[in-house]
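# Structural features, examined
What follows is each chain in one-letter form.
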Amino acid sequence: DQAIKQDEPNDIRAFCQEHSTIRRIVLANGGTGSKFFVKHFKEWWLEGKLEAGENKESKRDFDALDNKKRKVVDKKKSPPITCISALPVSPAAAMYDYPTKRDFWEHHVYQPGLNLHIKK
């Protein structure tokens, strides 16, 4: 990811607008992916349509956006999409062992997604 010089994002915002039941975006390659996301979707965030997940990695990576003046939206009427900066899954991310990665993904990604699905 760090070798990418001219990044071009997919139109995630349009995809989410077309699929309005999407409630979470998971950036699976850690802080690097989150930096690209912030770079390309800052305006979407400042409109109050996105919010950081509760995990420390998301708070760290999206803290600057959460501390900026954001448009206030009625979260009951239009709940923001939660953005999760996840631990990288690559074996190259050796600072995290497999159980740590597995537990992170279970707790912050899989289980919350299942809970949203079950609530419907």
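Look above for the structure.
Residues numbered from 1 in each chain as written. Predicted model: local features only at pLDDT ≥ 70, side-chain atom pairs only at ≥ 80, totals over all residues. Heavy atoms only, no water.

### Here's the deal with the sheet that holds strand 3 (residues 81-85)
Under the convention used in this document: By definition, two strands form a pair when at least two bridges between them are found by DSSP. To qualify as a helix, a DSSP run of H or I must reach at least 4 residues; to qualify as a strand, a run of E must reach at least 2; elements of each kind are numbered from the N terminus. Axes, fitted as lines to C-alpha atoms, cover a helix only where it is in contact. Angles between the N-to-C directions of the axes lie from 0 to 180 degrees.
Reading across from one edge, 1-3-2 is the order of the three strands in this open sheet, with parallel pairing throughout. Among the strands making up the open sheet, the edge pair consists of strand 1 (24-27) and strand 2 (50-52). Strand-to-strand twist across the sheet, computed as the mean angle between neighbouring axes with direction ignored, equals 30°. Note: strand 2 against strand 3, three bridges, orientation parallel. Its bridge partner lying in strand 3, glutamate 51 is registered against threonine 82.

### Section: the nonpolar core
Test applied: Put simply, buried Ala, Val, Leu, Ile, Met, Phe, Trp, Tyr and Cys residues joined by side-chain atoms within 4.5 Å make one nonpolar core. A 1.4 Å probe rolled over the protein chains alone gives each residue an accessible area, and that area as a share of the maximum for its type sets the label: buried under 20%, exposed over 50%, partly exposed in between. Note on contacts: a residue pair qualifies if any of its non-hydrogen atoms lie within 4.5 Å across the two residues.
Counting residues in each nonpolar core, the largest one holds 15 residues, and the members touching the most others are Ile25, Phe37, Trp44, Trp45, Leu50, Phe62 and Cys83. Secondary structure elements with two or more residues in this core: strand 1, helix 2 (30-46), strand 2, helix 3 (56-66) and strand 3. Ranked by residue count, the leading element in this core is helix 2, at five residues. Leave out the neighbours within four places in its chain, and phenylalanine 62 touches Leu27, Ser34, Phe37, Val38, Trp45, Ala52, Cys83, Ile84 and Ser85. Core analysis: the next-biggest nonpolar cluster, separate from the first, contains six residues, Ala86, Leu87, Trp105 and Val109 among them.

### Quick look at the side chain of glutamate 57
In plain terms, the rule: Asp and Glu are treated as the negative residues and Lys and Arg as the positive ones, with His and the ends of the chain left uncounted. Salt-bridge detection follows one rule: a side-chain nitrogen of Lys or Arg within 4 Å of a carboxyl oxygen of Asp or Glu. Polar contact criterion, stated in full: a pair of N or O atoms within 3.5 Å, where within protein one must be able to donate a hydrogen and the other to accept it, and residues adjacent in sequence count only if both atoms are side-chain atoms.
Within the secondary structure, glutamate 57 is located in helix 3. Notably, glutamate 57 is buried but unbridged: the nearest opposite-charge side chain belongs to lysine 56, and the N-O separation is 4.6 Å. Here asparagine 55 takes part through its side chain, which lies 3.0 Å from a polar atom of the side chain of glutamate 57. The residues contacting glutamate 57, other than those within four sequence positions of it, are Ser85, Leu87 and Phe104.

### Regarding the pairing of strand 3
Counted residue by residue, strand 3 has five buried out of five residues, so it is predominantly covered. Residues of strand 3 alternate between two faces, with Ile81, Cys83 and Ser85 on one and Thr82 and Ile84 on the opposite face, all of them buried. Looking at chain direction, strand 1 and strand 3 are connected through four bridges and run parallel. When the sheet's bridge partners are listed, leucine 27 is paired in strand 3 with serine 85.

### Quick word on the pattern of salt bridges
Two side chains bearing opposite charge may form a pair once their charged atoms approach each other closely. Applying the stated criterion to the full structure yields four salt bridges. Across the pair aspartate 61 and arginine 60 runs a salt bridge, and its minimum N-O distance is 2.8 Å. On the basis of relative accessible area, aspartate 61 is assigned to the partly exposed category, the value being 21%. A salt bridge links aspartate 103 to arginine 102; its shortest N-O distance comes to 3.2 Å.

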